[in-house]
Amino acid sequence: MALKEQQIKQRLAQLKEKHNALKSRLAGLESAPEANELDIKRLKKEKLSLKDDIKHYQDMLIPDMDA
């Protein structure tokens, strides 16, 4: 079942918000001298996954062009 445009935009906003929160959290962890490298790598991987999801939902908003 295809998602409606409004649902896509809402999900996109949620993903962007989560991505920004991870970005802030990651910046804080990276600046801490006692930072756990494993936690940093895990957060970077999660952030990258969110970025891929964001791209996917953005692509869903682009209308198909008839050739």
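Keep in mind the model is a prediction, meaning the values are calculated, not measured. (Residues numbered from 1 in each chain as written. Predicted model: local features only at pLDDT ≥ 70, side-chain atom pairs only at ≥ 80, totals over all residues. Heavy atoms only, no water.)

## Considering the nonpolar core
Quick note on the threshold: In this description, a nonpolar core means a group of buried Ala, Val, Leu, Ile, Met, Phe, Trp, Tyr and Cys residues linked to one another through side-chain atoms lying within 4.5 Å. Residue burial is assigned from relative accessible area. The probe radius is 1.4 Å, only protein chains are included, and a residue is buried under 20% of its type maximum, exposed over 50%, and partly exposed in between. The numbering of helices and of strands both runs from the N terminus, where a helix is a DSSP run of H or I of at least 4 residues and a strand a run of E of at least 2.
If you look at the biggest cluster of nonpolar residues, it comprises ten residues: I8, L12, L15, L22, L26, I40, L43, L50, I54 and Y57. Listing elements by their share of this core, those giving two or more residues are α1 (5-31) and α2 (37-60).

## Quick notes on the packing of α1 against α2
This is how the line gets drawn: Lines fitted to C-alpha atoms define the axes, with helix axes restricted to the stretch in contact, and inter-axis angles between N-to-C directions lie between 0 and 180 degrees. Put simply, angles under 35 degrees are roughly parallel, angles over 145 are roughly antiparallel, angles from 65 to 115 are roughly perpendicular, and the rest are oblique. Left-handed describes a crossing whose near helix is turned anticlockwise from the far helix through less than a right angle; right-handed describes the clockwise counterpart. Gly falls in the polar group here, along with every residue not listed as nonpolar (Ala, Val, Leu, Ile, Met, Phe, Trp, Tyr, Cys, Pro) or charged (Asp, Glu, Lys, Arg).
Following both chains from N to C, one finds α1 and α2 inclined at 155 degrees, their axes separated by 9 Å at the closest point. Taken together, α1 and α2 sit at an angle that is classed as roughly antiparallel. Judged by the twist between their axes, the crossing of α1 over α2 is left-handed. When its residues are assigned to classes, the contact of α1 with α2 shows twelve nonpolar, two polar and 13 charged.

Purely geometric numbers; function is a separate question.
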